[in-house]
Amino acid sequence: MTKKVSTARAPFMLGQESVAPGSRRQVDVPIARLYTHTPLHIPVEVVHGRKEGPVLLVCGGIHGDEINGVDIVRRLLRAKAITGLRGTLIAVPVVNVFGFLQQTRYLPDRRDLNRCFPGSEAGSLGGRIAALFREQIVDHATHIIDLHTGAIHRTNLPQIRAQLTPGSETERMADAFGAPVVLNAELREGSLRHYAQHRGIPVLTYEAGEALRFDEWAIAPGVSGILRVMRRLGMLTGEHRRRRPAPAELANGSGWARAPIDGILRPLVNLGARVAKGEVLGKVADPFGNDEGEVRAVADGIVIGMSRLPLANEGEALFHIARFDAIEEAETAVESFQSMLTPPPVF
């Protein structure tokens, strides 16, 4: 008699916790204690499908004040589409819980957690948290989407940053996401993307909106983009209900237009605007308007980031401009993206 071989999928193990196939579970991963000896945890939810497939890590809040990712993860976990998931989704709304509690980008020792990977169990606080997050969570993943925003008082047009090579899995993910702009960004040593990419794990960084703000025009496209990536990876079935925006354009570089003098900024262009090299993007003046300097575009391109704080010091980065070989197509992609948002965004 032939012995029947079981084809049931194995449970997913996260630390000492086991998640059965076809189930989901919230797990608190302990990382440290506060001064009061109160334990601190990284919150994680694992959705473990019944069928084999990729293991996708979606994480936000590596910088504690970048909170759009928190709501992106929440909405992703509530999406009906993930009910019949193939593979495994690891969702982490807040990685840097220290920074999140204090509403700051950094850890208590002023280190940037996204410059601490791969970390060390005997290193600084940042190194220890990076090592724990890497061992407990990152090393399980086959694909990663890392959620970010602009810094405080600075906002970003929704964009994907990734190390792209033709025909790569990372390129396939970036194409599926549907952001209006894709930057072929260099890897920064110590970042999650640098560590994962060198381990052969394809990673997308989604940048959109402003720190310490919930920007609906950044959150909703983030959720839709992740679901599109999951469909491209075969983790979800069916078509995405919403119309997909025009294909994103790959930027061939970017640069910042900076304040020529100290003063108060009056911007003359919006986020997403097409600009020409030398065009006046804004004016910086003293409170009386007597001493005035013009902020001019450093290249032809699209404004993909800008300062939201009117107060500027000389040399401060004010407008981030992405350059494109096909500027008309890039403008079309941005306009297509903007037209799909309801209500219309304040760009």
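Rules and cut-offs
- Residues numbered from 1 in each chain as written.
- Predicted model: local features only at pLDDT ≥ 70, side-chain atom pairs only at ≥ 80, totals over all residues.
- Heavy atoms only, no water.
- Helix = DSSP H or I, 4+ residues; strand = E, 2+ residues; numbered from the N terminus.
- Rg over C-alpha atoms; globule rule 2.2 N^0.38 Å.
- Buried < 20%, exposed > 50% of the residue type's maximum accessible area, 1.4 Å probe, protein only.
- Contact = heavy atoms within 4.5 Å.
- Areas by Shrake-Rupley, 256 points an atom, 1.4 Å probe, with all protein chains shown as cover.
- Lys, Arg positive; Asp, Glu negative; His and termini not counted.
- Charge placed at Lys NZ, Arg CZ, Asp CG, Glu CD.
- Pairing = 2+ DSSP bridges.
- Right-handed = clockwise from strand over helix to strand, strands pointing away.
- Core = buried A, V, L, I, M, F, W, Y, C linked by side-chain atoms within 4.5 Å.
- Expected span 1.5 Å × (residues − 1).
- pLDDT = per-residue confidence, 0-100.

### So, the overall build of the chain
Regarding its fold elements, the chain presents seven helices and 19 strands. Against the globule reference of 20 Å for 347 residues, the chain gives a C-alpha radius of gyration of 21 Å, in line with a compact fold. A principal-axis box enclosing the C-alpha atoms of the chain has dimensions of 90 × 50 × 35 Å. Scored against the burial criterion, the 347 residues of the chain give a buried share of 53%. Taking the intrachain contacts of the chain between residues at least 6 apart in sequence as the baseline, contacts between residues at least 24 apart amount to 69%. As presented, the chain carries roughly 16,500 Å² of accessible surface, and 49% of it is formed by carbon and sulfur atoms. Seen as two clouds, the 41 positive and the 38 negative side-chain charges of the chain have centres 9 Å apart.

### Some details on the pairing of strand β9 (residues 181-184)
Bridge count between strand β8 (residues 154-162) and β9: four bridges; the pairing is parallel. The residue of β9 that forms the bridge with A162 is N184. Taken together, β8, helix α4 (residues 169-177) and β9 form a β-α-β motif whose crossover is right-handed. Where β9 and strand β11 (residues 249-251) come together, three bridges link them in parallel fashion.

### Structural notes on the nonpolar core
M230 and F319 are the most contacted members of the largest nonpolar core, which has 66 residues in total. For this core, the element with the most residues is helix α6 (residues 216-232), which contributes eight residues. Residue contacts for M230: discarding those within four places in its chain leaves L56, L76, I82, L85, M235 and L236. Counting 38 residues, the second-largest nonpolar core is a separate cluster that includes V29, V46, F98 and L192.

### Examining the side chain of H320
With respect to the element layout, H320 can be found in strand β19 (residues 317-323). Discounting residues that sit within four places of it in the chain, H320 has contacts with R161, S254, G255, W256, I302, V303, I304 and G305.

### Some details on α6
Spanning 17 residues, α6 covers 24 Å between terminal C-alpha atoms, matching the ideal 24 Å at 1.5 Å per step. Burial of α6 is extensive: 15 of the 17 residues sit out of reach of the surface. Once α6 finishes, G234 follows within two positions and takes phi at roughly 80°, a positive value.

### Notes on the confidence of the model for the chain
Looking at the chain, the pLDDT average stands at 92 and 94% of residues meet or exceed 70. A low-confidence stretch, residues 1-6 (pLDDT under 50), is modelled with zero contacts involving residues beyond four sequence positions or located in other chains.

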